[in-house]
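What follows is the residue order along each chain.
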Amino acid sequence: MSQFRDLTDYVAIPAVTSLRLAPDGSWLAAAVQALGPEPGKFGTSIWRVDPLGGQAARLTRSAEGESAPEFLPDGSLLFVSKRQEPGQKKKDITDETAKPALWLLPPGGGEARRIAAPPGGVDSVAAARAAQRFLTAAAAFEGTVGTDEDAGRRKARADAGVNAILHESGPVRFWDHDLGPDSLRLHVGHAAAGEEGGGELRDLTQDCGRALDEQPFCLSPDGTTAVTGWRVPEPAGENRDELLVIDIETGKHRTLLGASGADFGSPAVSEDGTQVVAIRWEHDTYATPGDVTLVVVPLEGDNAGPRDLLAGFDRQPLSAAWAPDGQSVYFTADDNGRRPIFAVSTSTGEVVSVTRDDAAYDCLCPDPDGRALYALRATISEPPTPVRIDLTVPAADPVRLQAPGLPLEVPGRVEEVSATAADGARIRGWLVLPDGASEESKAPLLLWVHGGPVMSWNAWSWRWNPWLMAARGYSVLLPDPALSTGYGQDFIARGHANWGDKPFTDVMTITDAVLARPDIDADRTAMMGGSFGGYMANWIAGHTTRFRAIVSHAGLWALDQMFGTTDGPAFWRRIFGHPVLQPERYLASSPHLHADSIATPLLIIHGDRDYRVPVGEALRMWADLSQHGKHAKFLYFPDENHWILKPGDVRVWYGTIFAFLAEHVLGEEWQRPELL
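In this report, the structure presented in the accompanying data block is examined. Please read all numbers here as calculations on a predicted model, not as lab measurements.

### Regarding the packing of aromatic side chains
Applying the stated rule across the entire model yields 30 aromatic pairs. A centroid spacing of 6.1 Å and a plane angle of 50° characterise the contact between Tyr10 and Trp462, whose relative ring orientation is tilted. In this pair, Tyr10 sits in helix H1 (residues 7–11) while Trp462 sits in the loop between strand S33 (443–449) and helix H3 (466–470), placing the two residues 452 residues apart along the sequence. Look at Trp462 and you get partly exposed, because its relative accessible area is 23%. Ring centres 6.4 Å apart and planes at 85° place the aromatic pair Phe174 and Trp175 in the edge-to-face group. On the accessibility criterion, Trp175 (22% relative accessible area) is partly exposed. Counting every residue linked through ring pairs, the aromatic cluster contains Trp499, Phe532, Tyr535, Trp539, Phe563, Phe571, Trp572, Phe576 and Tyr586.

Written out as structure tokens, the structure reads:
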């Protein structure tokens with residue numbers, strides 16, 4: 001438990017981030033993030049996980065790290081890395097040449113070899129299940145043909161000292177990076193078993209503009225057909241995502257799924273290559289939040305259109321994987337503070353629960369024999385852990401597999417809590433209690449509101465970790481107010497476009513219920529949140545004085561400003577309307593209009609490279625609070641984004657919060673973190 005007392009130890013804990021199963025089911029490839037050779041950076045490596053529970057073994061060890069493992073049918077493993085070819089001189093490596101490339105690890109072990117290194121770098125990869133064929137998304141400049149032309153364009157810009165980007169449509173940024181000046185194209189490659197070299201790429205989507213931005217893709221099992229997300233621009237800065245089918249041999253494209261007012265994505269082709277399952281997201285509108293479901297459609301297409309697999313199932317699917325027999329689809333969905341695995345019959349639409357524990361599942365990997373399912377399993381008190389689920393035994397307990405850094409012992413316990421809102425809705429959440437919390441030794445309470453806002457507290461979080469607070473004696477309330485997933489569409493609709501109403505009252509209702517417990521010190525309370533949780537921190541600060549301190553990370557402050565400068569303004573206009581023509585919702589829910597009412601000390605935190613909630617929100621909030629003479633501090637990260645990702649910055653982030661809360665909640669003297 002010392003790992004939660006010492007931040008240096010905490011950031012050194014390995015974290016399993018993805019899982020893939022070998023074609024024969026004999027082993028699992030796990031991507032594991034840990035401190036790299038340089039202490040100021042995290043790195044990712046590939047580990048071999050034994051499905052029978054034996055010791056895990058590290059497979060890759062470069063200083064640059066390796067990620068995105070994908071198997072070819074012969075058992076060789078593709079991965080993405082910036083590692084350099086053996087013998088390459090450091091003086092020949094520049095920012096432009098150090099791009100992620102595609103590497104292949106032979107099935108029998110040995111040295112990995114680089115098989116594709118496009119000038120723009122490899123963004124992502126997918127492999128066929130029955131052919132030695134793969135797809136990659138790689139960036140290239142408009143109008144260029146082949147790698148030589150693209151490399152020449154890059155060199156010419158570098159030599160001229162040009163970084164400018166000309167946009168003629170669509171978004172210009174995404175989360176933490178600029179879009180352009182190049183754009184993604186889909187390429188196909190081949191890697192024959194045992195063949196040296198290989199991987200020559202063929203462009204399938206010449207000059208497709210921004211159509212492939214953030215779009216997942218896959219190959220049919222025989223490698224003859226690609227299915228990919230495809231972004232379609234619409235008037236007034238809107239976009240919608242379709243699914244496109246590409247014939248690998250001819251390069252011909254056709255639309256598989258597309259509809260006005262909806263996005264389609266996360267495609268997966270059945271084992272027999274005849275059907276595609278995908279997630280459909282209805283667009284939010286001014287009146288209602290959009291619903292989410294799974295649809296299935298024949299790969300070759302018929303005129304019947306997609307079939308909704310989850311009609312009447314009031315939960316939102318997050319990921320999906322075909323069962324080997326093609327008769328059902330496994331999927332995950334938030335459900336009452338958990339994220340179970342479900343199975344839906346493709347013929348009847350019947351949905352059954354595969355798991356029934358208090359866990360959240362991800363990275364579904366069905367065994368080819370249909371007898372087991374592998375996944376990453378997490379809870380509020382357990383990090384993502386590879387597990388095997390026996391499908392021959394109904395509701396079988398998952399079997400944990402060996403992985404680096406696991407298991408972890410947390411400094412306390414977690415309980416489920418709930419309260420009833422004024423409109424009768426049940427508001428539930430998790431309460432993390434530190435060791436020793438009791439009526440005789442009451443714990444101060446930290447309310448921690450999740451981001452999203454359409455999400456749920458149901459899993460472990462490395463970024464927002466309550467156990468670091470529990471190790472310092474705090475209890476932590478993790479509530480799911482209106483807008484949270486896992487409680488049905490009506491629960492989301494309760495808070496639609498009116499964030500300062502039921503999301504706020506729900507949070508306060510469940511906080512009141514927890515403060516009435518005999519093991520909680522109702523006189524020592526604080527609140528914090530990030531993103532939407534940061535919005536809620538800013539709103540709470542202007543509407544109640546019950547907390548001794550509030551921490552706002554990447555919080556929305558002036559909604560009309562934020563919705564015009566974020567990386568996806570059209571998304572928010574659907575919900576809140578035009579700020580000039582329809583100002584009502586902005587006026588009803590914008591925290592900046594209540595700055596003068598704030599009396600609680602505030603810690604504002606923001607990264608300059610945050611394009612989802614731009615740093616202008618924090619700058620304006622800091623200026624407004626200063627103008628009104630409010631008690632506030634501003635922790636600013638010039639080179640971080642919506643999340644704080646560098647090990648040293650993570651330590652500073654938590655350390656500053658600890659010091660701020662200790663001063664105002666515990667009554668200790670303010671101790672400025674020594675590195676600030």
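Once the structure has been displayed, the description carries forward.
### Some points on helix H8 (residues 569–576)
Those residues of H8 that fall on the buried side of the exposure criterion are Ala570, Trp572, Arg574, Ile575 and Phe576. Buried residues along H8 sit in contact with strand S17 (239–247), helix H7 (559–565) and helix H9 (584–589). Backbone geometry just downstream of H8 places Gly577 in the positive-phi region, at approximately 80°.

### Regarding the sheet that holds strand S31 (residues 412–420)
Pairing within the open sheet is mixed, and its eight strands lie in the order S31-S32-S34-S33-S35-S36-S37-S38. Each having just a single partner strand, S31 and strand S38 (632–637) make up the two edges of the open sheet. Taking each pair of neighbouring strands and ignoring which way they run, the sheet shows an average axis angle of 20°. Sheet contacts for helix H6 (residues 532–541): S33, strand S35 (520–530), strand S36 (549–553) and strand S37 (602–607); angle to S35, the most-contacted strand, approximately 130°. The sheet contacts of helix H10 (residues 616–627) involve S37 and S38, and relative to S37 the element is tilted by about 155°.

### Observations regarding the nonpolar core
Nonpolar side chains in soluble globular proteins tend to end up buried together. Trp499, Met527, Ile540 and Phe563 are the most contacted members of the largest nonpolar core, which has 55 residues in total. Here this core gets seven residues from one element, more than from any other, and that element is H6. Sequence-distant contacts of Ile540, defined by excluding residues within four places in its chain, comprise Leu447, Phe504, Val507, Met508, Met527, Phe547 and Ile550. By size, the runner-up hydrophobic cluster in this structure holds 44 residues, among which are Phe4, Val476, Ile605 and Phe660.

### What to know about the environment of Met469
Looking at where Met469 falls in the secondary structure, it is placed in helix H3. When the C-alpha atoms of Met469 and Phe4 are compared, they prove to be 8.3 Å apart, with 465 residues separating the residues in sequence. Apart from the residues within four sequence positions on either side, Met469 is in contact with Leu446, Trp448, Tyr474, Val476, Phe658 and Leu661.

### A few points about helix H2 (residues 146–160)
Between its first and last C-alpha, H2 extends 22 Å over 15 residues, near the 21 Å set by a 1.5 Å rise per residue. Among the residues of H2, Asp150, Arg154 and Arg157 are the ones counted as buried. Down the axis, H2 shows its buried residues gathered within 65° of arc, on one side only. Away from its buried face by more than 90 degrees, H2 exposes Asp148, Lys155, Asp159 and Ala160. Following H2 by one or two positions, Gly161 adopts a phi angle in the positive range, close to 70°.

### Focus: the sheet that holds S17
Strand pairing in a sheet relies on backbone hydrogen bonds. The paired strands run either parallel or antiparallel. Pairing within the open sheet is antiparallel, and its four strands lie in the order S15-S16-S17-S18. The sheet is open, and its two borders are formed by strand S15 (217–219) and strand S18 (253–257), each paired with just one other strand. The average undirected angle you get between the axes of adjacent strands in this sheet is 35°. Where strand S16 (residues 225–233) and S17 come together, nine bridges link them in antiparallel fashion. Counted as the bridge partner of Pro233 is Asn239 from S17.

### Brief notes about a negative patch on the surface
A cluster of acidic residues, Glu282, Asp291, Asp314 and Asp490, forms a negative patch at the surface. Relative to the helices and strands, Asp490 resides in helix H4 (residues 489–493).

### Here's the deal with the side chain of His642
Among the structural elements, His642 can be located in the loop between S38 and helix H11 (647–664). Among the polar contacts made by the side chain of His642, one reaches the side chain of Ser531 at a distance of 2.9 Å. Among the polar contacts listed, one links the side chain of His642 to the side chain of Asp610, at a separation of 2.7 Å. Apart from the residues within four sequence positions on either side, His642 is in contact with Trp175, Ser531, His553, Ala554, Asp610, Arg612 and Val613.

### Comments concerning the state of the cysteines
A full pass over the atoms with the stated rule returns zero disulfides. Of all cysteine sulfurs, the one in Cys218 lies closest to Cys208, which takes part in no disulfide; the gap is 17 Å. On the basis of relative accessibility, which here comes to 15%, the residue Cys208 falls in the buried class.

### Description of the environment of Arg173
Mapped onto the fold, Arg173 is located in strand S11 (residues 173–174). Taking the C-alpha atoms as reference points, Arg173 and Gly568, 395 residues apart in sequence, are found 8.2 Å from one another. Beyond its immediate sequence surroundings of up to four residues, Arg173 is in contact with Asp178, Leu179, Thr565, Asp567, Tyr611 and Pro614.

### Observations concerning the pairing of strand S5 (residues 66–71)
Sheet analysis places S5 next to strand S6 (residues 77–81), joined by four bridges and oriented antiparallel. Bridge assignment links Glu70 to a residue of S6, and that residue is Leu78. The turn linking S5 back onto S6 is made up of five residues, and Gly75 within it adopts a positive phi angle of 95°.

### Topic: the side chain of Thr144
Of note, Thr144 is situated in the loop between strand S10 (133–140) and H2. Residue Thr144 is classed as buried on the basis of its relative accessible area of 2%. In contact with Thr144, other than residues within four places in its own chain, are Glu149, Asp150, Arg153, Arg185 and Gln206.

### Re the pattern of salt bridges
Tallied over the full model, the rule gives 36 salt bridges. For the salt bridge of Arg240 with Glu234, the shortest nitrogen-to-oxygen distance reads 2.7 Å. Among the residues examined, Arg240 registers a relative accessible area of 16% and is labelled buried. Its salt-bridge partner being Asp308, residue Arg280 comes within 3.9 Å of it at the nearest N-O pair. Of this pair, Arg280 sits in strand S20 (residues 275–282) while Asp308 sits in strand S22 (residues 307–308); the two residues are 28 residues apart in sequence, bridging distant segments of the chain. Accessibility expressed as a relative area gives 30% for Asp308, which makes it partly exposed. Each of Arg338, Asp358, Glu416, Arg428 and Asp480 takes part in a single network of salt bridges with overlapping partners.

### Considerations on the packing of helix H5 (residues 502–515) against H6
The contact between H5 and H6 brings their axes to 11 Å, and the two run at 80°. As summarised for this structure, H5 and H6 are arranged roughly perpendicular, according to the angle between their axes. For the pair formed by H5 and H6, the contact residues are Pro503, Phe504, Val507 and Met508 on the first element and Phe532, Met536, Trp539 and Ile540 on the second. In terms of residue class, the contact of H5 with H6 is built from eight nonpolar, no polar and no charged.

Reading guide: rules and limits
- Residues numbered from 1 in each chain as written.
- Predicted model: local features only at pLDDT ≥ 70, side-chain atom pairs only at ≥ 80, totals over all residues.
- Heavy atoms only, no water.
- Phe/Tyr/Trp six-rings, centres within 6.5 Å; stacked < 30°, edge-to-face > 60°.
- Helix = DSSP H or I, 4+ residues; strand = E, 2+ residues; numbered from the N terminus.
- Buried < 20%, exposed > 50% of the residue type's maximum accessible area, 1.4 Å probe, protein only.
- Contact = heavy atoms within 4.5 Å.
- Pairing = 2+ DSSP bridges.
- Axes fitted to C-alpha atoms, helices over the stretch in contact; angles between N-to-C directions.
- Core = buried A, V, L, I, M, F, W, Y, C linked by side-chain atoms within 4.5 Å.
- Expected span 1.5 Å × (residues − 1).
- Arc of directions from axis to C-beta.
- Patch = residues over 30% accessible without salt bridge, like charges linked within 9 Å, V, L, I, M, F, W, Y side chains within 5 Å.
- Areas by Shrake-Rupley, 256 points an atom, 1.4 Å probe, with all protein chains shown as cover.
- Salt bridge = Lys/Arg side-chain N within 4 Å of Asp/Glu carboxyl O.
- Lys, Arg positive; Asp, Glu negative; His and termini not counted.
- Charge placed at Lys NZ, Arg CZ, Asp CG, Glu CD.
- Polar contact = N/O pair within 3.5 Å; in protein donor to acceptor, adjacent residues only side chain to side chain.
- Disulfide = S-S within 2.5 Å.
- Parallel < 35°, antiparallel > 145°, perpendicular 65-115°, else oblique.
- Nonpolar A, V, L, I, M, F, W, Y, C, P; charged D, E, K, R; others polar.

Don't take any of this as a statement about function, it's just geometry.
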